[in-house]
Amino acid sequence: MSRKINTEILIVGAGISGLLAGLELAKKYSVMILSKSKTNKCSTAWAQGGIAAAIKNKNDINHHVEDTITNGHGICDINTVKDIIKQGEKSIYLLQEHGVNFNKNGEELDQTLEGGHSARRIIYHNDNTGEEIHTKLLRKAINNKNIVIKEDLMAIDLIGNKNDLCHGLYAYDETTESVVTISSNVVILATGGASKVYQYTTNPDTSTGDGIAMAWRFGCVISNMEFMQFHPTCLYHTSEKSFLISESLRGEGAKLLNPDGKYFMQDYDQRMELAPRDVVARAIDSEMKNNNYKCVYLDISFKDPNYIKKRFPNIYQRCLNLNIDITNQSIPVVPAAHYTCGGINTNVAGETECSNLFAIGECTHTGFHGANRLASNSLLECSVMATECSKLIDKKYKSFCNDYDLPLWDDSYVTIPRVENVQISHNWAEIRKIMWDYVGILRSDKMLGQAKERLSIINTEVDEFYHNHRISVDLLELRNLINIAEIITNSALKRKESRGLHYNKDYPSCVRDFNKFTNIVSTKKDFIMKIVSKA
Ligand code: SIN
């Protein structure tokens, strides 16, 4: 049975961006936060490394700016980079005010190193920084009387009118198997990334690009989706498919070896294991493909076992549970999809070109990451965007009047029951394999063209499922995934050069004229209002 609810501010996603924005806005407004599954199933809670932040008197902001721009391979938005980085220290203090603990060295915050950084500037909590942040923010949000958190409610599509105004959205309630119409003065998408579109990923199952796909169907501009970041070191194990082995191990000296026990990074880059992620991931991919290796190895066992257990307690224990003792064995690793550098076009305050619709965090493209995100810059971007977005909303909206008469979801004409599970899981697996094999670390025009053709067949099938059958979370995610897969592939086909995370062997070099290639854009303007009913 369809029903309606309303709120002043609606936030989709309960990771760091959604929770921080919610906590700020709840000082004045009533806030509803949607989580499509349980709130702990988000990338934030899985983040290990830390937050890159130049701390006054210890680090130089200008060097952090330079490192970010160098890693971004010439297409970062310089003003955005400066704007975000100069707010690093403030963001750390804000998180501390919310109860987040970071490791200290004496009285001062300790800082570690990761690839691409020219100085130790990563603030961290052991090897589970994201979990620490997420637990503390979530606890605060749960106890805030102006915040309602709704779990198991998955946003389907935005509702708006022809003037590009967003008035709310439809959401699928998994518990009652019905669709809720939520009207809201402001909608903030904080839905995270889309790495689940690849067969191997370090992300939780929830990273299906929902916000990006929804915004694209609504008519928003989506940019630079060809830049999907592959993390060099995901654990290679049959029963633990997505466990990240944090880059901070390499920051603390860990070395990469091939299965014969030989170091190989010296053959690829003089910065060796601390080269930027795109370089290290491509080096591993090339070692594996050229030599038919199933994985390579990361070794930190030469360090004092007590240091390893204290500095990386979580990784130590998770590996030990799988009979890998990292204090005396090297760790089998492979690259895996990790971060979505492109996304919904916004400024630092999360404004989209559609009134009342904001987007923050990994689902956005602000120009901060360019063609390759610098390690630990993501939680920084999320915190700054959440704060800036809340400030802007507070300034922009003097009063709220939520009297939109939004139509109820209408699926009365749908007579066919749910799609068979196997039809959904088969398509999921096929999309993820196509993306891994043809639109992965190494691309070519031929492979991208083949991916495009196959994805288009799947898209037609998924469209038929969506329009004629009863919906489910799996079907909604599949619909988002196929949209995302096509956007990434089309964007990759349009970029006739190699830059950062996008490597096309038909165009192995970088085109000098940066401006011409800054944004590869994808839009679907004509979709607006088709979503009022499934018909
Ligand atoms: C890591 O710990 O290696 C991940 C940090 C990041 O992705 O920024």
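Everything below is about the structure shown above.
Being a predicted model, the structure only gives us computed values, none of them experimental. Going along each chain's sequence as written, the residues are numbered from 1 onward. Local features in this predicted model are restricted to residues whose pLDDT is 70 or higher, and side-chain atom pairs enter the listing and the counts only when it is 80 or higher, whereas totals over whole chains, interfaces and linings include all residues. Side-chain measures here rest on the full set of heavy atoms in the structure, leaving out hydrogens and waters.

A.B. asks: Run through the overall build of the chain, naming residues and quoting values.
C.D. replies: Looking only at helices and strands, one finds 16 helices and 20 strands in the chain. Taking 535 residues into account, the globule formula puts the C-alpha radius of gyration at 24 Å, and the chain, at 22 Å, falls close to it. Taking the principal axes of its C-alpha atoms as reference, the chain extends roughly 65 × 55 × 50 Å. We call a residue buried when its accessible area falls under 20% of the maximum for its residue type, exposed when it is over 50%, and partly exposed in between, using a 1.4 Å probe and counting protein chains only. Put simply, the chain has 535 residues, and 62% of those count as buried. Contact definition: two residues touch when any of their heavy atoms are within 4.5 Å. Sequence-distant contacts in the chain: of pairs separated by 6 or more residues, those separated by 24 or more amount to 74%. Surface exposure of the chain reaches about 20800 Å², of which carbon and sulfur atoms provide 49%. Here the chain contributes 62 positively and 64 negatively charged side chains, and the mean placements of these two sets differ by 2 Å. Helix and strand assignments follow DSSP, with helices taken as H or I runs no shorter than four residues and strands as E runs no shorter than two, numbered in order from the N terminus. Based on C-alpha atoms, the radius of gyration is set beside the globule rule, defined as 2.2 Å times the residue count to the power 0.38. To be clear on the numbers: accessible area is Shrake-Rupley with a 1.4 Å probe, and residue cover counts the displayed protein chains and nothing else. Only four residue types enter the tally: Lys and Arg on the positive side, Asp and Glu on the negative side, with His and both chain ends excluded. Taken as the charge centre is NZ of Lys, CZ of Arg, CG of Asp or CD of Glu, depending on the residue.

A.B. asks: Before we move on, can you summarise the pairing of strand β1 (residues 3-12) with the specific residues and values?
C.D. replies: Only when DSSP finds a minimum of two bridges between them are two strands counted as paired. As judged from the nine bridges shared by β1 and strand β11 (residues 178-189), these two strands associate in the parallel manner. Residue pairing for β11: Thr7 is matched across the bridge by Ser184. In this structure, β1 lies alongside strand β2 (residues 31-34), joined through four bridges in parallel fashion. Looking at the pairing, Val12 lines up with Leu34 of β2.

A.B. asks: If you had to explain the sheet that holds strand β15 (residues 296-299) to someone new, which residues and values would you point to?
C.D. replies: With antiparallel pairing, four strands are arranged side by side in an open sheet as β13-β16-β15-β14. Because the sheet does not close on itself, it has two edges, and the strands there are β13 (228-235) and β14 (255-257). Ignoring which end each strand starts from, the neighbouring axes of this sheet average 45° apart. Here β13 runs beside strand β16 (residues 331-340); their pairing, made up of six bridges, is antiparallel. Directly across from Gln229, in β16, lies its bridge partner Tyr339. Only the stretch in contact is used when a helix axis is fitted, and all axes are lines through C-alpha atoms; the angle between N-to-C directions ranges over 0 to 180 degrees.

A.B. asks: Tell me what's going on with the packing of helix α1 (residues 16-25) against helix α12 (residues 378-396), and back it up with residues and numbers.
C.D. replies: Across the interface, α1 lies against α12 with an axial gap of 8 Å and an inter-helix angle of 30°. On the basis of their axis angle, the class for α1 and α12 is roughly parallel. For the crossing formed where α1 meets α12, the hand is right-handed. Each of Ile16, Ser17, Leu20, Ala21, Glu24 and Leu25 in α1 lies in contact with α12, whose residues at this interface are Leu379, Cys382, Ser383, Ala386, Ser390 and Ile393. Note that Gly is not counted as nonpolar here; it falls among the polar residues with everything else outside the nonpolar set of Ala, Val, Leu, Ile, Met, Phe, Trp, Tyr, Cys and Pro and the charged set of Asp, Glu, Lys and Arg. The residue makeup of the contact of α1 with α12, split by class, is eight nonpolar, three polar and one charged. Orientation labels follow simple angle bins: below 35 degrees gives roughly parallel, above 145 gives roughly antiparallel, 65 to 115 gives roughly perpendicular, and whatever is left gives oblique. Crossings are classed by handedness, with left-handed meaning an anticlockwise turn of the near helix from the far one by less than a right angle and right-handed meaning a clockwise turn.

A.B. asks: Hey, could you go over the site of the ligand for me, with residue numbers and the actual values?
C.D. replies: Surveying the vicinity of the ligand reveals the residues Gln48, Gly49, Glu114, His231, Leu244, Ser246, Glu247, Arg277, His338, Arg373, Ala375 and Ser376. Counting of polar contacts relies on pairs of N or O atoms within 3.5 Å, with two restrictions inside protein: one atom must be capable of donating a hydrogen and the other of accepting it, and residues adjacent in sequence are counted only when both atoms are side-chain atoms. Between the ligand and the protein, one listed contact pairs an oxygen atom with a backbone N or O atom of Glu247 at 2.6 Å. Of the residues in the shell around the ligand, the class split is two nonpolar, six polar and four charged. Residues are labelled near a given molecule or strand when at least one of their non-hydrogen atoms is within 4 Å of it.

A.B. asks: Summarise the packing of helix α14 (residues 445-468) against helix α15 (residues 473-494); cite the residues concerned and give the values.
C.D. replies: Axis separation between α14 and α15 bottoms out at 9 Å; the angle between their running directions is 155°. In terms of their interaxial angle, α14 and α15 are classed as roughly antiparallel. Crossing hand, α14 versus α15: left-handed. Residues Asp445, Leu448, Gly449, Ala451, Lys452, Leu455, Ser456, Ile458, Asn459, Val462, Phe465 and Tyr466 of α14 form the contact with α15, whose own contacting residues are Leu475, Leu476, Leu478, Arg479, Ile482, Ala485, Glu486, Thr489, Asn490, Ala492 and Leu493.

A.B. asks: Tell me about helix α6 (residues 129-142), and please be specific about residues and values.
C.D. replies: Here the expected length of a helix is defined as 1.5 Å per residue gap, with one fewer gap than residues. With 14 residues, α6 extends 20 Å between its outermost C-alpha atoms, agreeing within 8% with the 20 Å of an ideal straight helix rising 1.5 Å per residue. All buried positions along α6 are accounted for by Thr129, Gly130, Glu132, Ile133, His134, Lys136, Leu137, Leu138 and Ala141.

A.B. asks: Report on the packing of aromatic side chains, specifying residues and quantitative values.
C.D. replies: Note on aromatic contacts: the rings of Phe and Tyr and the six-membered ring of Trp form a pair at centre separations within 6.5 Å, being stacked when their planes are under 30 degrees apart, edge-to-face when over 60 apart, and tilted otherwise. Tallied over the entire structure, the rule returns six aromatic pairs. A centroid spacing of 6.3 Å and a plane angle of 85° characterise the contact between Phe264 and Tyr268, whose relative ring orientation is edge-to-face. By way of ring pairs, the aromatic residues Tyr198, Tyr200, Phe230 and Trp436 are connected into one cluster. Charges are assigned to positions over rings by a cutoff of 6 Å between ring centre and Lys NZ or Arg CZ, combined with an angular limit of 35 degrees from the ring normal. The ring of Tyr124 has Arg311 lying over it, and the distance from NZ or CZ to the ring centre is 4.0 Å. Positioned over the ring face of Tyr339 is Arg373, at 4.1 Å from the centre of the ring.

A.B. asks: Any details on the sheet that holds strand β3 (residues 51-52)? Residues and values, ideally.
C.D. replies: Spatial ordering of the open sheet is given by β3-β7-β6, a layout of three strands whose pairing is antiparallel. If you trace the sheet from one side to the other, it starts and ends with β3 and β6 (111-112), each paired once. The pairing of β6 with strand β7 (residues 122-123) spans two bridges and is antiparallel. The residue of β7 that forms the bridge with Gln111 is Ile123.

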